[in-house]
Amino acid sequence: MTPLSLGIETMGGVMSSVIRRNTTIPAGAKEMFTTYVDGQTGVDIHILQGERELAKDNRSLARFRLKVPPLPAGVPRIEVTFLIDANGILNVLAKDMRTGQSQSIEVKPSYGLSDSEVEKMIEDSFKFASDDISARKLIEARLDAGALITTTEKSLLEGGHLIASDNIAATRAALAALSTAKDGADARAIRARMADLEQAAKPLTVALLNDSLTKGLQGKKVSEVT
């Protein structure tokens, strides 16, 4: 069985496990990932081993880079496949589902790792579990908040003229509150301000949707849309 979990580092320095500890080998698993920044031309695949929530607290096994075309964040679909054979050899394949381009690497996770080191890594995962989970939740909340802020600001630029001035003011106030909370260390407060922003931006979201539908229906006959 796999003595420790195997996974990759994701945005914010978090470990995403692909094959869990104590999985019977041979084994395989796939996960789908995407980009976080607009226009990325490559995705770094950092392979990790361990039980901690953050990448820095786990064992680094290997790294490689998959080239991707520059697209808006969230559009690329990167499929990462982990295959570990009966000899304990791990093959990691990353594939861009849009272009078909792929990159792979082969490593031996057990190389240079003693039984006592494995036991310590497992013990540490229990010892620091509470702090690790809190740190992960904060990182994820900040990332989600950043994405929501970016999306809302773009929507205001595109559709601010479609809503009343008081709706714009309410949305901007909620944006400012979320930006302040995002710099803090309270994940719950960040999530609460995200909910406030989503509520404040509802008129903008509805206005943009209606505008898009209206433009899409212009010049079409009834028979073409029924």
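Here goes a summary of the coordinates provided. (Residues numbered from 1 in each chain as written. Predicted model: local features only at pLDDT ≥ 70, side-chain atom pairs only at ≥ 80, totals over all residues. Heavy atoms only, no water.)

Excluding glycine, residues mostly have negative phi values, and the peptide bonds linking residues are mostly trans. With an omega of 5°, the peptide bond between I25 and P26 qualifies as cis. Its location among the elements puts P26 in the loop between strand 2 (14–19) and strand 3 (27–33). Located in the positive-phi region is N22, a residue other than glycine, with phi close to 70°. Relative to the assigned elements, N22 resides in the loop between strand 2 and strand 3. (Helix = DSSP H or I, 4+ residues; strand = E, 2+ residues; numbered from the N terminus.)

What follows covers the environment of D132. As for its placement among the helices and strands, D132 is situated in helix 2 (residues 129–159). Residue D132 is classed as buried on the basis of its relative accessible area, which comes to 7%. Every residue in contact with D132, bar those within four places of it in the chain, is listed here: R52, E53 and D57. Of note is the side chain of D132, whose polar atom sits 2.5 Å from the side chain of R52. (Buried < 20%, exposed > 50% of the residue type's maximum accessible area, 1.4 Å probe, protein only. Contact = heavy atoms within 4.5 Å. Polar contact = N/O pair within 3.5 Å; in protein donor to acceptor, adjacent residues only side chain to side chain.)

Counting 21 residues, the largest nonpolar core has I45, I47, V80, F82, L90 and V92 as its most contacted members. For this core, the secondary-structure elements that each account for two or more residues are strand 1 (6–10), strand 2, strand 3, strand 4 (42–49), strand 5 (59–67), strand 6 (78–84) and strand 7 (90–96). Counting residues per element, this core draws most heavily on strand 6, which supplies 4 residues. (Core = buried A, V, L, I, M, F, W, Y, C linked by side-chain atoms within 4.5 Å.)

This brings us to the layout of surface pockets. Roughly 500 Å³ of volume is contained in the largest pocket. For the largest pocket, the lining is made up of 20 residues, of which E9, T10, M11, T34 and V43 are closest to its centre. If you list the elements that add at least two residues to the lining of the largest pocket, you get strand 1, strand 3, strand 4, strand 5 and strand 6. Examining the composition of the lining of the largest pocket, we find that 5 residues originate from one element, strand 4, more than from any other. (1 Å grid on protein atoms, 1.4 Å probe; cavity = no way out; pocket = protein on both sides within 12 Å on 5 of 7 lines; lining within 4 Å. Points joined across faces, edges and corners; volume = space filled by probe spheres on them.)

One pass over the full model with this rule turns up 10 salt bridges. In this structure, E53 engages R136 in a salt bridge whose closest nitrogen and oxygen atoms are separated by 2.8 Å. Here the residue E53 occupies a position in the loop between strand 4 and strand 5, and R136 occupies one in helix 2, the gap between them amounting to 83 residues. You can call E53 partly exposed: its relative accessible area is 22%. The partner of D124 in a salt bridge is K120, with the nearest N and O atoms 2.9 Å apart. Highlighted residues: D124 and K120, both in helix 1 (residues 115–127), separated by 4 residues, approximately one helical turn. D124 sits in the buried class, given a relative accessible area of 17%. Because the salt bridges share partners, they merge into one network encompassing R52, K56, D57 and D132. (Salt bridge = Lys/Arg side-chain N within 4 Å of Asp/Glu carboxyl O.)

Moving on, we come to the sheet that holds strand 3. Strand order across the open sheet formed by 4 strands is 3-6-7-8, with antiparallel pairing between neighbours. Two strands in the sheet have a free side with no partner beyond their single neighbour: strand 3 and strand 8 (102–107). For this sheet the average axis-to-axis angle between neighbouring strands, irrespective of direction, equals 15°. Summarising the sheet, strand 7 and strand 8 pair through 6 bridges and their orientation is antiparallel. By the bridge assignment, L93 is partnered in strand 8 with S104. (Pairing = 2+ DSSP bridges. Axes fitted to C-alpha atoms, helices over the stretch in contact; angles between N-to-C directions.)

A cluster of nonpolar residues, M11, Y36 and V37, forms a patch on the protein surface that exposes about 260 Å² of accessible area. The class for Y36 is partly exposed, based on a relative accessible area of 33%. (Patch = residues over 30% accessible without salt bridge, like charges linked within 9 Å, V, L, I, M, F, W, Y side chains within 5 Å. Areas by Shrake-Rupley, 256 points an atom, 1.4 Å probe, with all protein chains shown as cover.)

As a further point, take the environment of V14. With respect to the helices and strands, the residue V14 is situated in strand 2. For V14 and R188, which are 174 residues apart along the polypeptide, the C-alpha to C-alpha distance reads 19 Å. Contacts of V14, omitting those with residues within four sequence positions, involve I8, E9, E53, L54, A55, R136 and I139.

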